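Listed below are the residues making up each chain.
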Amino acid sequence: MIKNFLPLFICLFYLSVANAGFITVAPEYEDRYEKILSQLRCLVCQNQTVAESPAGLADDFRLEVKEMLERGASDEEILTFMSDRYGDFVLYKPPVKTRTYLLWVGPFVFLIGGVLLVVTLVKKRAQAEPITELSDQDKQRLKSLLDEDNK
Amino acid sequence: MIRFLVPAFIFLVLVGFLFVGLYKDPSLVPSPLIGKPVPTFVASTLKDPNKTITEKDLQGEFILVNVWATWCAACKQEHAALVYLTEQLQVPIYGLNYKDDRKSALDWLQRYGDPYVANIFDDSGRIGIDFGVYGAPETFLIDKHGIIQHKLVGIMTPDVWENQFVTKINQIISASNAMSKQMASVQ
């Protein structure tokens, strides 16, 4: 049984080794290092963060971040350094700007719009008068339908 | 009537966005460096490890900085076009030899021809990061003030040169002519 899974384990092992990379930071920087890397997009494999990307460029980014941390740069400074060179696209969390208002506000607009729509529809329905009396025409139709069933 | 028109309108807007999105290449990331000065750097040249090259050496009316490497297949594809640009059109091209090995790079130039005025040797890729390089080949157009005017990500061809670079250069020239005319009339 375990033999069947051996290749899988080997693959997973190498995968974890590859992702760990060869760059290590001092323990006091580790948390910030990981946090910053997970906020940067790898531009080679666009749907991965720099933290998880095995691409060569991501290695360069990791080294850059590490050295900036050691030089005493703040998180903000490091993210600005990256976006100055690669644009806002490199940041997983885009900054709030005139260009990105729709991106930030859009979901809330849709949410509020949806709630308003539901509220008005429900209210309208509640206000509609309940039918208590059938008109003569409806009575006749009901009767003929029932008769049909009883046949 | 309005009950149908509103959703139909929203639907059409959505279709419009998606349709435009179909023709956009997500791998092309606009560079924030356009309109900005060339990043500063100090590096050795590819040919002579003892000779340094800095951003001040990138002189010319309009010059190109081409990011290339021997491990980059698309660079081989565009190489003939670069040779054509220097030999036939006398375009000055500086190379940024990116994360490469000096010996292989020199062999490459020997074998395929050397279109470069000089090459910045960036084996660590650090200068590449300052240029916002994320995939070779890339080509930058730099004006005489050292301002980056255009960036191409991908293969240079005579067509691309004509359509993107020459067009851009002409725009800049006519804009500066208009400016100097205005200055003359003020005086």
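Residues numbered from 1 in each chain as written. Chains lettered and ligands numbered in written order. Predicted model: local features only at pLDDT ≥ 70, side-chain atom pairs only at ≥ 80, totals over all residues.

Caption draft 1: Structural detail: the overall build of chain A. Check the secondary structure of chain A and you find six helices and zero strands. Overall, chain A shows an N-to-C arrangement of helices and strands of α-α-α-α-α-α. Taking contacts inside chain A between residues at least 6 apart in sequence as the whole, the part at least 24 apart equals 47%. (Helix = DSSP H or I, 4+ residues; strand = E, 2+ residues; numbered from the N terminus. Contact = placed C-beta atoms within 7 Å.)

Caption draft 2: Examining the sheet that holds strand 4 (residues 93-98) of chain B more closely. Residues and elements named next belong to chain B. Taken in spatial order, the seven strands line up as 2-1-5-4-3-6-7 in an open sheet, and their pairing is mixed. At either margin of the open sheet sits one strand with a lone partner, and together these are strand 2 (52-54) and strand 7 (148-153). For this sheet, the mean angle separating the axes of adjacent strands, direction not counted, is 30°. Pairing of strand 1 (residues 42-45) with strand 2 involves three bridges; the strand directions are antiparallel. Residue pairing for strand 2: A43 is matched across the bridge by I53. (Pairing = 2+ DSSP bridges. Axes fitted to C-alpha atoms, helices over the stretch in contact; angles between N-to-C directions.)

Caption draft 3: Structural view of the environment of I147 of chain B. Residue and element names in this part refer to chain B. Along the chain, I147 turns up in the loop between strand 6 (138-143) and strand 7. Each C-alpha atom of the pair I147 and A136 lies 21 Å from the other, and the pair is eleven residues apart in sequence. Once you skip the residues sitting within four places of it in the chain, I147 turns out to touch G35, K36, P37 and I142.

Caption draft 4: Seen up close, the interface of chain A and chain B. In this assembly, twelve residues from chain A lie in contact with 13 residues from chain B. Residue assignment for the side of chain A that touches chain B shows that the elements contributing at least two residues are helix 3 (56-70) and helix 4 (75-86) of chain A. Of the residues belonging to the side of chain A that touches chain B, the class tally is five nonpolar, three polar and four charged. (Nonpolar A, V, L, I, M, F, W, Y, C, P; charged D, E, K, R; others polar.)

Caption draft 5: Geometry of the environment of F17 of chain B. In this structure, F17 of chain B sits in helix 1 (residues 2-22). Remark: the alpha-carbon pair of F17 of chain B and G60 of chain B, spanning 43 residues in sequence, is separated by 42 Å.

Caption draft 6: Geometry of the confidence of the model for chain A. Chain-level statistics for chain A give a pLDDT mean of 83 and a share of 85% at 70 or above. Within chain A, the element-level pLDDT minimum falls on helix 1 (residues 2-20) of chain A, averaging 57, and the maximum on helix 4 of chain A, averaging 93. (pLDDT = per-residue confidence, 0-100.)

Caption draft 7: Fine view of the packing of helix 2 (residues 30-37) of chain A against helix 3 of chain A. Residue and element names in this part refer to chain A. Contact pair helix 2 / helix 3: the axes reach a minimum separation of 10 Å and the direction vectors enclose 140°. In terms of axis orientation, helix 2 runs oblique to helix 3. Considering only the axes of helix 2 and helix 3, their crossing is right-handed. From helix 2, R32, Y33, I36 and L37 reach across to helix 3, where they touch R62, V65, K66 and L69. (Parallel < 35°, antiparallel > 145°, perpendicular 65-115°, else oblique. Left-handed = near helix turned anticlockwise from the far one by under 90°.)

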